[in-house]
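# Report on the structure
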Amino acid sequence: MSFQTSALILSWIAILLLAFTVSGLVRQVHALSSGAVGRRAESVGLRPGAPAPGFARLAPAAPAVPLVLLFLEPDCGTCTEVLAEANDHHDRPGLEFRVLYREDPPARAAELPITVLGGQAELFERYDALATPFATVVDRAGRVLRAEPLGSRAALHRLLDEVDSSPGGSAPAAATNQGGRA
């Protein structure tokens, strides 16, 4: 067999292996995107009226106002914007904030006048906070009022305005049903 024939056969084998690899990657991307896109927004977060997991740990003293839980990641640009928006509203009457990070919070978060809690991976799971930034509003009795992903700083601002404008500072469960789990 000549050198050219051997090189041609090896080239075809390499092309076939590359085609199989690309095909496998395309299937994986399709499966991942189908899973992410196939899940409706209504199916994330806890249902309104559900008890808030770990509420006693998040608010050791019964809060006098609704509690806004922000689930953030340190390397998320939108999370940084949402944190800045929460900081702008930290003294807003009628609301209290808790910022939760799966692991260690960034140093700049610890300097803010908001309660920041690191190492909260368990609560990310229990609150079904699949994507960050994510917000859950809990009433004074420890019941979920709202749970929804936040796509921007403006989304947090809008959420805070809606919570403030609803009767008694809490949105009615029927109008804010963002959760799909029992």
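All residue numbers here refer to positions counted from 1 along the written sequence of the relevant chain. pLDDT decides what is reported in this predicted model: residues at 70 or higher carry local features, side-chain atom pairs at 80 or more are listed and counted, and totals for whole chains, interfaces and linings draw on all residues regardless. To obtain the side-chain values, all non-hydrogen atoms of the structure were used and water was disregarded.

### Regarding the overall build of the chain
Let me state the cut-off plainly: Runs of H or I in DSSP of at least four residues are treated as helices and runs of E of at least two as strands, each being numbered from the N terminus. Any pair of residues with heavy atoms lying within 4.5 Å of one another is described as a contacting pair. Surface accessibility in these figures is a Shrake-Rupley result with a 1.4 Å probe; residues are shielded only by whichever protein chains are displayed.
For the chain, the count of helices and strands is six helices and five strands. Walking the chain from its N terminus toward its C terminus, one meets helices and strands in the order α-α-β-α-β-α-β-α-β-β-α. The contacts in the chain between residues at least 6 apart in sequence include a share of 70% that link residues at least 24 apart. Approximately 10,200 Å² of the chain is accessible, and the part contributed by carbon and sulfur atoms is 60%.

### Things to note about the sheet that holds strand β1 (residues 67-72)
Strands pair in a sheet through their backbones, by hydrogen bonds, and they do so in one of two ways: parallel or antiparallel. Rules: Two strands are said to pair when DSSP picks up at least two bridges between them. The axes are straight lines fitted to the C-alpha atoms, using for helices just the contacting stretch, and the angles between their N-to-C directions are given from 0 to 180°.
Taking strand neighbours across the sheet as the criterion, the five strands line up as β3-β2-β1-β4-β5 in an open arrangement whose pairing is mixed. Lying at the two open borders of the sheet, with one neighbouring strand each, are β3 (115-117) and β5 (144-149). Ignoring which end each strand starts from, the neighbouring axes of this sheet average 15° apart. Alignment of β1 against strand β4 (residues 134-138), held across five bridges, turns out to be antiparallel. If you follow L67 over to β4, its bridge partner there is V138. Helix α3 (residues 77-88) contacts β1 and β2 (96-101) of the sheet and is inclined by roughly 155° relative to β1.

### With respect to the pattern of salt bridges
Rules: Salt bridges are defined as contacts in which a side-chain nitrogen from Lys or Arg sits within 4 Å of a carboxyl oxygen from Asp or Glu. Here the term buried applies to any residue with accessible area under 20% of the maximum for its type, exposed to any over 50%, and partly exposed to those in between, with areas from a 1.4 Å probe on protein chains only.
What the rule picks out here adds up to eight salt bridges. Here D88 makes a salt bridge to R153, at a shortest N to O gap of 2.4 Å. One end of the pair, D88, is in helix α3; the other, R153, is in helix α6 (residues 153-165), with 65 residues separating them in the sequence. Accessibility expressed as a relative area gives 47% for D88, which makes it partly exposed. Linking R98 and E96 is a salt bridge whose minimum nitrogen-to-oxygen distance equals 2.8 Å. A residue is classified by how much of its surface remains accessible, and R98, at 8% relative accessible area, is buried. Taking the relative accessible area as the measure of exposure, E96 reaches 27% and is therefore partly exposed. Each of R57, E122 and R126 takes part in salt bridges that share partners, so that together they form one network.

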